[in-house]
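Secondary and tertiary structure notes
The lines below spell out each chain.
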Amino acid sequence: MKSTIQVTRAEIVFSGSAGALGQLRLQFERQHYVRLAQLLEPGLLDFLQAQIDQGKFYERVHAGIKSNKELCMAGNNAFGALLLLMNDEKLFELIRDVTQCERIRCFEGRIYRVIPGRGHHDSWHNDLGEDRLIGMSINLSREAYRGGILQIRDQDSQRIISEVDNLGIGDAVVFRLSRSLQHRITDVEGEVPKTAFAGWFRAQPDFPSLIKEQAERGLRARQPGRDYYPNRSSD
Amino acid sequence: MHTESKNAQLCGEVKPNPNVLSKRLGAEMVLFHLDTDHFYELNGTGARFWELLSAGNCPDKIRAEMIKEFSVDPNHLSTEVESFLASLQKEQLIFVND
């Protein structure tokens, strides 16, 4: 099923009605997440998967989360393309409308892989900090994996209040970040690894500033014409 | 004039590289080159130039449109357009069929 929100190489396409957006808003309010089926247009997904097949992954442990380990992909053109495509003002507005969060200025993410039997796992955490507003994970796996379910629990009672798998390839799950909630991804089981692009919509910084930050971490940024065209207004 | 005749030759021969993704963010624009893995940031006028080029306009037509939209001396703009195109071509962000 095609999503009402779809990311293509050229633009963000919203093909639903105001009512469809209202339904997503209601789901998010009740469940703390919404699933966006086929967020990635199939042709774009094919391209990204082919690039990820050539990607290099390294083991990564996230500080601030009790016990966790995953493979993280070193920056390549799939990562760059996803980063650019998700930093779209129309997408920001749609996500804001669905989640009722404050103004979004950028999306920051990573491509990660979890392989069953390699000790890759996640622990309960809330992802808050660095002006993060909303979480999102897009399934980039080649095949359906088992496990890897997003669980959301109430921090105080530790009662699990939502669970969602994300098995549709190219699908996204958008989920709430809150001081009263924690989330984790359950272990992936069986033989098939899970590959995803996951990250956060953030209130700060804006995307150009984010790229400059990323450039300091090894992602290249250049500005041709920057000095040739000082902004001029006709008024 | 030399610049005008050169740019006239380019009319219809300059196209954005299809392996370049672009995203408008407010007044600015960010480009990502899928082949080189590089990001580029264009300021307001550069962003407008890229938009007009992506819409299939030739440099002459873009220059005429930008003279209408921006308070700029036409000769100065011609020089800047030439420099900008050279810069875009050097980074393989455009194809120039000359």
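The residue numbering used here restarts from 1 in each chain and proceeds along that chain's sequence as written. All chains are assigned letters beginning at A, and all ligands numbers beginning at 1, according to the order in which they are written. Per-residue local features are limited, in this predicted model, to residues with pLDDT of at least 70; the limit for side-chain atom pairs, both in listing and counting, is 80 or more; totals at the level of whole chains, interfaces and linings are taken over all residues.

1. Let's talk about the overall build of chain A
A run of H or I in DSSP becomes a helix once it reaches four residues, and a run of E becomes a strand once it reaches two; helices and strands are each numbered from the N terminus. Scanning chain A from terminus to terminus reveals five helices and 15 strands. Between the two quantities, the radius of gyration covers C-alpha atoms and the globule rule is 2.2 Å times the number of residues to the power 0.38. For chain A, whose C-alpha radius of gyration is 18 Å, the value lies close to the compact-globule estimate of 18 Å for 235 residues. Counts of 20 or more other C-beta atoms within 10 Å of a residue's own C-beta define buried residues, counts of 12 or fewer define exposed ones, and intermediate counts define partly exposed ones; C-beta atoms are placed from the backbone. Across the 235 residues of chain A, 36% fall into the buried class. We call two residues in contact if the C-beta atoms placed from their backbones are at most 7 Å apart. Sequence-distant contacts, at least 24 apart, represent 80% of the contacts inside chain A between residues at least 6 apart.

2. Side note on the interface of chain A and chain B
Every contact between the two is made by 27 residues of chain A and, on the other side, 28 residues of chain B. Secondary structure elements with two or more residues in the side of chain A that touches chain B: helix 3 (77–86), helix 5 (207–216) and strand 15 (221–222) of chain A. Residue classes follow a fixed rule: Ala, Val, Leu, Ile, Met, Phe, Trp, Tyr, Cys and Pro count as nonpolar, while Asp, Glu, Lys and Arg count as charged, and any other residue, Gly among them, counts as polar. Among the residues forming the side of chain A that touches chain B, the class breakdown is ten nonpolar, nine polar and eight charged.

3. Concerning the environment of Ser137(A)
Residues and elements named next belong to chain A. Here Ser137 is to be found in strand 7 (residues 132–139). Distance from Ser137 to Ala63, taken between C-alpha atoms, is 19 Å for residues 74 residues apart in sequence. Those residues in contact with Ser137 that sit more than four places away from it in its chain are Asn166, Ala172, Val173, Ala196 and Ala198.

4. Focus on helix 2 (residues 44–54) of chain B
What sets the pattern is the α-helix's 3.6 residues per turn: residues three or four places apart point alike. All names here are of chain B. Listed as buried for helix 2 are Thr45, Gly46, Ala47, Arg48, Phe49, Trp50 and Leu53. Where the residues of helix 2 are buried, they touch strand 1 (14–16), strand 2 (20–25), strand 3 (28–33), strand 4 (38–42), helix 3 (59–69) and helix 4 (74–90). Downstream of helix 2 by a residue or two, Gly56 has a phi angle that is positive, lying close to 95 degrees.

5. Brief notes about the confidence of the model for chain A
For every residue, the predictor reports its confidence as pLDDT, a number between 0 and 100. Considering every residue of chain A, the mean pLDDT works out to 90; 93% of them sit at 70 or more. Contacts of residues 226–235 of chain A to residues separated by more than four positions or lying in other chains number 22 contacts, the stretch itself having pLDDT below 50.

6. Regarding the sheet that holds strand 15 of chain A
Strands pair, by our definition, only if DSSP identifies at least two bridges between them. Taken in spatial order, the four strands make up an open sheet running 15(A)-4(B)-3(B)-2(B), and their pairing is mixed. On the outer flanks of this sheet lie strand 15 of chain A together with strand 2 of chain B, each paired with one strand and no other. By the bridge criterion, five bridges tie strand 3 of chain B to strand 4 of chain B in an arrangement that is antiparallel. Among the inter-strand pairings, Phe32(B) is bridged to a residue of strand 4 of chain B, identified as Phe39(B).

7. What about the sheet that holds strand 3 (residues 33–36) of chain A?
Residues and elements named next belong to chain A. Pairing is antiparallel across the open sheet formed by seven strands, whose spatial order is 3-11-7-14-6-5-4. Of all strands in the sheet, those bounded by a partner on one side alone are strand 3 and strand 4 (57–60). Each adjacent strand pair in this sheet contributes to an overall mean axis angle of 30 degrees, direction not counted. One ladder, built from five bridges, connects strand 7 with strand 11 (residues 172–176); its direction is antiparallel. Counterpart to Ile138 in the pairing with strand 11 is Ala172. In this analysis, axes come from line fits to C-alpha atoms, helices being fitted only over the stretch in contact, and the angle between any two N-to-C directions falls in the range 0 to 180 degrees.

8. Some words on the nonpolar core
One finds Ile95(A), Val174(A), Phe201(A) and Leu31(B) to be the most contacted residues of the largest nonpolar core, which totals 75 residues. The residues touching Leu31(B), leaving out its near neighbours within four places in the chain, are Val20(B), Leu21(B), Ser22(B), Phe39(B), Tyr40(B), Leu42(B) and Leu93(B). Linking buried Ala, Val, Leu, Ile, Met, Phe, Trp, Tyr and Cys residues through C-beta atoms within 7 Å yields a set, and such a set is a nonpolar core.

9. Describing the packing of helix 1 (residues 18–31) of chain A against helix 4 (residues 89–99) of chain A
Residue and element names in this part refer to chain A. Two elements in contact, helix 1 and helix 4, have axes separated by 7 Å at closest approach and are oriented at 55 degrees. As summarised for this structure, helix 1 and helix 4 are arranged oblique, according to the angle between their axes. Across from Leu21, Leu24, Arg25 and Phe28 in helix 1, the residues of helix 4 making contact are Asp97, Val98 and Thr99. Across the contact of helix 1 with helix 4, the residue classes tally to four nonpolar, one polar and two charged. Here is the rule for angles: anything less than 35 degrees is roughly parallel, anything more than 145 is roughly antiparallel, 65 through 115 is roughly perpendicular, and the remaining ranges are oblique.

10. Considering helix 1 of chain A
For a helix, the expected span equals 1.5 Å multiplied by the number of residues minus one. Its 14 residues place the ends of helix 1 of chain A 20 Å apart at the C-alpha level, agreeing with the 20 Å of an ideal helix rising 1.5 Å per residue. Where helix 1 of chain A terminates, the next one or two residues include His32(A), which has phi positive at roughly 75 degrees.

11. Looking at the pairing of strand 10 (residues 160–164) of chain A
One face of the sheet, then the other: side chains in a regular strand alternate in exactly this way. Residues and elements named next belong to chain A. Of the pairings in the sheet, the one linking strand 9 (residues 150–154) to strand 10 comprises four bridges and is antiparallel in character. By the bridge assignment, Ile152 is partnered in strand 10 with Ser162. Between the antiparallel neighbours strand 9 and strand 10 lie five residues, among them Gln158 with a positive phi of about 60 degrees.

12. Remarks on the packing of helix 2 of chain B against helix 3 of chain B
Residues and elements named next belong to chain B. Between helix 2 and helix 3, the shortest axis-to-axis distance is 10 Å and the interhelical angle comes to 140 degrees. Here helix 3 runs oblique to helix 2, going by the angle between their axes. Crossing handedness for the pair helix 2 and helix 3: right-handed. In contact with Arg48, Phe49, Leu52 and Leu53 of helix 2, helix 3 contributes Ile62, Glu65, Met66 and Glu69. Along the lines of polarity and charge, the residues of the contact of helix 2 with helix 3 split into five nonpolar, no polar and three charged. Note on convention: the crossing is left-handed when the near helix lies turned anticlockwise from the far helix by less than a right angle, right-handed when the turn is clockwise.

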